[in-house]
Amino acid sequence: MPAGTGKALLCGIPARATLLELAACPAGTLWLCDPHSGDSLPALSKPLLPTAVSVQNLHLCEGYVGHDGRSHPGFYCPRLTDPPGHRYCCQPSPRALKSCCSQLALEALTGVNISILASPDLLRNPLALPFVGLYALLVLLLMAIDLCHFYRTRRCHLARLLPCTPGSRRQVTAEQLRARGNALFQAGDHGAALAAYTEALSLSDAAPERAVLHRNRAACYLKLEDYAKAEADATKAIEADGRDVKALFRRSQALQQLGRLDQAVGDLQRCVSLEPRNKAFQEALRALGSSMHEKMKTMSCTDSKVEQMFQILLDPEEEDADKKQKAAQNLIVLAREEAGAEKIFQSDGVRLLTQLLDTAKADLMLAALRTLVGLCSGHRSRTLAILAELGAPRLSAVLGVEHEQVSLAACNLLHVMFDSLKEGLQKDFRGKEDAVVLDSSRDLKLLIRHLLELLALEGASAHGRDNALNLLIKVVPRKSPKETNNSMSLWVIDQGLKKILEVGSTVCGSPGSLPVTENSRMSASVLLSKLYEDLKCDAERENFHHLCEDYVRGWFEGHELPGKLRAIQTVSCLLQGPSDAGNRVLELEGIMDSVLSLCASVCEAHQLVAVEALIHAADKAKRASFITANGVSLLKEIYKHSERDSIRIRALVGLCKLGSAGGTDFSMKQFAEGSTMKLAKQCRKWLCNEAIDAGTRRWAVEGLAYLTFDADVKEEFVEDKAAMQAMFHLAKSEDRSVLYAVASTLVNCTNSYDHEEPDPQMLELAKYAKQHIPEQHPKDKPEFVKRRVRKLLMAGVVSALACMVKSENPALTNSCRELISRVFLALVEEAEDRGAVVAQGGGKALIPLSLEGTEVGQTKAAQALAKITITSNPEMAFPGERIYEVVRPLVSLLHLQRTGLENFEGLMALTNLAGISERLRQKILKERAVPMIEGYMFEEHELIRLAATECMCNMAMSKEVQELFLAEGSDRLKLMVLYSGEEDEKLRRAASGTLAMLTALHPPICKRIPQVTVHWLEILQALLLSPSAELQHRGAVVVMNMMAAAREVAEQLIASEMLEILSVLAKDKDKPRVAQAAQESLAQAVAYGLIKPNPGQA
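Reference entry: report on the structure contained in this document. Numbers given to residues run from 1 along each chain, matching the order in which its sequence is written. Residue-level local features of this predicted model are given only where pLDDT is at least 70; pairs of side-chain atoms are given and counted only at 80 or more, and the full residue set underlies all totals for whole chains, interfaces and linings. Hydrogen atoms and water are omitted, and side-chain values are computed over all heavy atoms in the structure.

**With respect to the overall build of the protein**
Counted only if it meets this: Secondary structure counts use DSSP, requiring at least four H or I residues in a row for a helix and at least two E residues in a row for a strand, with both numbered from the N terminus. When a residue's accessible area, from a 1.4 Å probe over protein chains only, is under 20% of the maximum for its type it is buried; when over 50% it is exposed; and in between it is partly exposed. In what follows, a contact means two residues having at least one pair of non-hydrogen atoms within 4.5 Å. Working definition of accessibility: Shrake-Rupley area with a 1.4 Å probe, residue cover restricted to the visible protein chains.
In terms of helices and strands, the protein carries 58 helices and 8 strands. In the protein, which comprises 1098 residues, the proportion classed as buried is 48%. Nonlocal contacts in the protein, meaning residues at least 24 apart in sequence, comprise 66% of its contacts between residues at least 6 apart. Total accessible area on the protein is roughly 55,000 Å²; 54% of this is exposed by carbon and sulfur atoms.

**Remarks on the packing of helix α24 (residues 560-576) against helix α27 (residues 604-618)**
The following threshold applies: Simply put, an axis is a line fit to the C-alpha atoms, just over the touching stretch for a helix, and the angle between two N-to-C directions goes from 0 to 180 degrees. An angle below 35 degrees is treated as roughly parallel, one above 145 as roughly antiparallel, one from 65 to 115 as roughly perpendicular, and anything else as oblique. Note: crossing handedness is left-handed where the near helix turns anticlockwise from the far helix by less than a right angle, and right-handed where it turns clockwise. Each residue receives one of three labels: charged for Asp, Glu, Lys and Arg, nonpolar for Ala, Val, Leu, Ile, Met, Phe, Trp, Tyr, Cys and Pro, and polar for the others, Gly being one of them.
One way to put it is that α24 packs onto α27 with a least axis distance of 9 Å and a crossing angle of 30°. Taken together, α24 and α27 sit at an angle that is classed as roughly parallel. Of the two possible hands of crossing, α24 and α27 adopt the one that is left-handed. On α27, the residues touching Leu561, Leu565, Ile568, Gln569, Ser572, Leu575 and Gln576 of α24 are His606, Val609, Glu612, Ala613, His616 and Ala617. Looking at side-chain class alone, the contact of α24 with α27 contains 7 nonpolar, 5 polar and 1 charged residues.

**Some words on helix α58 (residues 1072-1088)**
Formally: Here a helix's expected span is defined as the number of its residues, less one, multiplied by 1.5 Å. The arc under discussion is defined with respect to the helix axis, by the directions toward the C-beta atoms.
Compared with the 24 Å implied by 1.5 Å per residue over 17 residues, the 24 Å span of α58 between its first and last C-alpha is a close match. For α58, every residue scored as buried is listed here: Val1074, Ala1075, Ala1077, Ala1078, Ser1081, Leu1082, Ala1085 and Tyr1088. One side of α58 carries all its buried residues, which in axial view fall inside an arc of 165°. Relative to its buried face, α58 has exposed residues pointing more than 90 degrees away, namely Pro1072, Arg1073 and Ala1087.

**Topic: the state of the cysteines**
Filter applied, for reference: Here, a disulfide means two cysteine sulfur atoms that sit within 2.5 Å of each other.
For the structure on display, the rule yields 3 disulfides. There is a disulfide in this structure between Cys61 and Cys89, and the S-S distance comes to 1.8 Å. Between Cys61 and Cys89, the S-S dihedral sits near 120°, and the bridge is therefore right-handed. Of this pair, Cys61 sits in strand β3 (residues 60-61) while Cys89 sits in strand β7 (residues 88-90), and the two are 28 residues apart along the sequence. The same class applies to Cys61 and to Cys89, which are both buried. What pairs with Cys77 in a disulfide is Cys100, and their sulfur atoms sit 2.1 Å apart. Taking the sign of the S-S torsion, about -85° here, the bridge from Cys77 to Cys100 comes out left-handed. Of this pair, Cys77 sits in the loop between β6 (75-76) and β7 while Cys100 is found in strand β8 (residues 99-101), placing the two residues 23 residues apart along the sequence. Not engaged in a disulfide, the cysteine Cys573 finds its nearest cysteine sulfur in Cys548; these two sulfurs lie 9.0 Å apart. For Cys573, a relative accessible area of 2% gives the class buried.

**What to know about the packing of aromatic side chains**
Note the following rule: Two aromatic rings from Phe, Tyr or Trp, using only the six-membered ring of Trp, form a pair when their centres are within 6.5 Å; if the ring planes differ by under 30 degrees the pair is stacked, by over 60 it is edge-to-face, and anything between is tilted. Lysine NZ or arginine CZ positioned within 6 Å of the ring centre and within 35 degrees of the ring normal marks a charge as sitting over the ring.
Going through the model one piece at a time under the given rule, you end up with 2 aromatic pairs. The ring of Trp555 is capped by Arg566, whose NZ or CZ atom sits 4.3 Å from the centre of that ring. For Arg919, the ring lying beneath its charged end belongs to Tyr884, and the centroid distance is 4.0 Å.

**Considerations on the environment of Cys90**
Relative to the helices and strands, Cys90 is located in strand β7. For Cys90, a relative accessible area of 5% puts it in the buried group. Here the alpha-carbon distance between Cys90 and Ala105, two residues 15 residues apart in the chain, equals 8.2 Å. Dropping the residues within four chain positions of it, Cys90 is found in contact with Cys61, Leu97, Lys98, Ser99, Cys101, Leu106 and Leu109.

**Observations regarding the nonpolar core**
For clarity, the cut-off: For this analysis, a nonpolar core means a set of buried residues of the types Ala, Val, Leu, Ile, Met, Phe, Trp, Tyr and Cys, connected via side-chain atoms within 4.5 Å.
Ranked by size, the top nonpolar core spans 268 residues in total, and within it Ile820, Phe824, Leu827 and Leu1053 carry the most contacts. Those residues in contact with Leu827 that lie beyond four places of it in its chain are Val789, Leu793, Val797, Val798, Leu801, Asp833 and Val837. Among the nonpolar cores identified, the runner-up in size contains 16 residues, and Leu177, Leu194, Leu201 and Leu203 belong to it.

**Some details on the pattern of salt bridges**
This is how the line gets drawn: Salt bridge, as used here: a side-chain nitrogen of Lys or Arg that lies within 4 Å of a carboxyl oxygen of Asp or Glu.
The full count for this structure, using the stated rule, is 40 salt bridges. With its nearest N and O atoms 3.0 Å apart, the salt bridge here joins Asp233 to Arg217. Here the residue Asp233 occupies a position in helix α8 (residues 227-240), and Arg217 occupies one in helix α7 (residues 207-223), the gap between them amounting to 16 residues. Residue Asp233 is classed as buried on the basis of its relative accessible area, which comes to 3%. For Arg217, a relative accessible area of 13% gives the class buried. Glu830 is the salt-bridge partner of Lys786, the closest N and O atoms lying 3.9 Å from each other. Linking Lys786 in helix α37 (residues 782-795) with Glu830 in the loop between α39 (814-827) and α40 (831-839), this pair joins segments that are 44 residues apart in sequence. The class for Glu830 is partly exposed, based on a relative accessible area of 25%.

**A word on helix α42 (residues 855-871)**
Residues lying three or four places apart along an α-helix face the same way, a consequence of the helix completing one turn every 3.6 residues. Over its 17 residues, α42 extends 25 Å from the first C-alpha to the last, a length consistent with the 24 Å expected when each residue adds 1.5 Å. Buried within α42 are the following residues: Gly857, Thr859, Lys860, Ala861, Ala862, Gln863, Ala864, Leu865, Ala866, Lys867, Ile868 and Thr869. On the buried face of α42, the contacting elements are α39, α40, α41 (842-851), α43 (874-877), α45 (887-892) and α46 (900-914).

**Some remarks on unusual backbone geometry**
The omega angle of the peptide bond from Cys77 to Pro78 is 5°, so this bond is cis rather than trans. Within the secondary structure, Pro78 sits in the loop between β6 and β7. With phi around 65°, Glu225 is a residue other than glycine that occupies positive phi space. With respect to the helices and strands, Glu225 occurs in the loop between α7 and α8.

**Topic: a nonpolar patch on the surface**
Stated precisely, the cut-off is as follows: Note on patches: the residues involved have over 30% relative accessible area and no salt bridge, like charges join within 9 Å, and the nonpolar side chains Val, Leu, Ile, Met, Phe, Trp and Tyr join within 5 Å.
A contiguous nonpolar surface patch, about 800 Å² in accessible area, is contributed by Phe131, Leu134, Tyr135, Leu137, Val139, Leu140 and Met143. Relative to the helices and strands, Met143 resides in helix α3 (residues 128-161). Under the relative-accessibility criterion, Met143 is labelled exposed at 54%.

**Focus on the packing of helix α34 (residues 721-731) against α37**
Direction vectors running N to C along α34 and α37 enclose 60°, while the axes themselves pass 10 Å from each other. In terms of axis orientation, α34 runs oblique to α37. For the crossing formed where α34 meets α37, the hand is right-handed. Contacts from Lys721, Met724, Gln725 and Phe728 in α34 reach Lys791, Leu792, Met794 and Ala795 in α37. Counted by class, the contact of α34 with α37 contains 5 nonpolar, 1 polar and 2 charged residues.

Structural data, given as structure tokens:
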């Protein structure tokens, strides 16, 4: 038998072998080797126990290498975990581990009687105890030294954290603190050094010492980039010693960073005069002088341009319109750059721009307003100065002018001013530091007060009033519920709620009514709704209710019929906005009776107001039963006998709302069979009649929004292509109040509202209790919905939705956005429809929907984006920079509160994006998606686990992700290796692909794989022996990369059965990629000298 194998373990044992060497033989028979022939012979049944053998050796288990290649340290028996009687070392077989055993076990194992020998003492040598004690003392000494070192280096931090008495504080002198600060500064701990210098200042009274400390603090502030404080400390040092060149130089550095270059030059010149041979000062002065020269050259050129532009614009004799237009455009472009805006500001530009505003010429006013936008953008101090120069009354007056473009430009300027005052960057410039204030609430309230006054100002234009409402909607309510301060909303409610209600209560055509547009009342309703939603407690809401009730009661009780009309119009406005407040007001005595009585009025204006109030009241389930009992007959009478279409269509909408009270429940029908279809037919007829004005046709869409709960109405509507296109045309018109009705109609047609399948057990229980059970219409089944979606796509629904999303009108509320998102999700449900949605602008429209609106709406839009990204080429669906905007919505689908389907689709979409470019992978990393992806790799659902693993495979191409797999204490790599051995072939393919990627791009991972699990060889061999060519290729690439990474890894691979597997695969001509990887692995083994080359191969 060859040496080193099988039972030749004890070949070459000397004649005077120890008993422990004999005991290491296999159980049963001891084997010895003939020293001449090398053949193994069975030992005699009676032991050959020389008298010289020391029994002490029986207690020693020497270190050895096990059958698995691992090294095991030696030990003495018994160990602490062994029974006291187990004092002997035993090894039952060569493949077993050594352990401690009893005397009987050893005699049975070896067949040697050792009882005749004297029993030795336990191997607990008392001489070891002093050494153990010395070792313990050494450890304690090192710990004490380390504690002292920690205290000496960090005691400045402890001094700030622990309270100290005045007496103990004086134990440390200012000189010691300064020395400590110097050491900390040299070590790079500038914050701690600053604290030490500051504490030293509090202890020092000597002026020279304080000057040095101020100079050192200035150096710390420069390192911490707090240049204003650095300048202040350096100035204090210079006041004590005007020849302190270090303080002068540090102040020049701070002034340079603050933009005060002329003062910085003065300090540097002083430094050079004090130390003429200092090259650092000379070089700094030369560089600063060059920088100032370039800036002065640019500014001088800009100076002349600014003067020329203002001269052209303000010259009354200049008749060249093109020249003036060009000058105005140049001025606007110049103001968009920070240097240009500052130069215009310094060149008395605000006064000149005010003169342009006073010319009352539209083109000059537009140029002035757009230039002012550039001056105010992101600059708080300039905004305050401009506001002080122009004055809030002037800006409010410009907002209320008749010219629509000028009013819109003024609205944009005010919006920028609001943003700058609330959140703008605080930038300090020489000469205007005093203009920077921390609290600008007074100026904000001043602007808002004038906007509120504009709402009730009779001389203001209708467009100006709309712009003021839109501006208040954007700037007054909190942006997020996380913000705790709602004081601005409370102030607006107290100061201006009645002014907002003045707009909402306006009756068009009545004497003394305010000029309003078709959108004004809707904007007022939206503003009231947002203010009401911004309230945080019942007391605040009760105050809101009281103010509304007082306003309505004031008009209703003391102004005869015109007052009653204003009161009813206010109720309509509130019902469209904060419906809780509208319901409270509707319950006031006499209001509902007046509505019903005015519905029968012979005056069209009065009837319009009353019917609209009745329609809005019918929305509320609380009022529906009362109106059904008292108003249906009246509405039918108006619909049948009124000669005016504007009245008939409103009465029809009221009937539609009452007729749809059952929603999608097929078993609950309010009207007789066929009545709903007749109402819908009439709505479509009016919708397609272009002779009727758009404002009246809008009510036809309102009716359809309610009637389309009925599946029969949906089917007829999608068959009427003319009606669909007429509705889409209205959605693209300037009348944005129709947006919600259009979105509601489309949600009904696509069945994209939320609906849950009822629990069968609950259904049975409801039947037993004789409770009502909702029934689904047969035409609301999936095949009907799919057909309706196709017809909507053919009619151009996507372009209409995209146009609706672009609207900046307040009518595009968060609820409206949610409805549009639901429609988009229904449109992209089928993979074959997604290309058409993208081609018509759906992908672009979905991005803003996924970033703004209700949480449900954002989630629906993000899911629609995921579906598009999964089946389409993302670079084609979202061209240019738009593809990077898609990442955040997709990452939001990974949150734990999302459904499993949303998680799965988000992972699949991110997988596609991660495979495109490194920039996209960096964007995904920036959105902190990797921890969530890792979490889903442990998901029980196999599809989600697979999607997460595939996503990680693509993310592994990033260097940052590769480093995560080598992080200490991480099981990421172990998980990938184990997943490569799972039964699920798709999961194995994804995990082994990740391993192939990691081992190719980051070689250190190759060395880590053998350490993460003992089964790594089995898993790699299983990959290579898999019937799947893809798995074989991935496994072959992993082995190839590991062979190339390190010789010790290659040795472990070659020592196993991997050599035979690679040899077979290298000859497989049917799988060339696998064969090539196997050949490269074998070639690397030959290069290491682990195997010899096959002479038969070329």
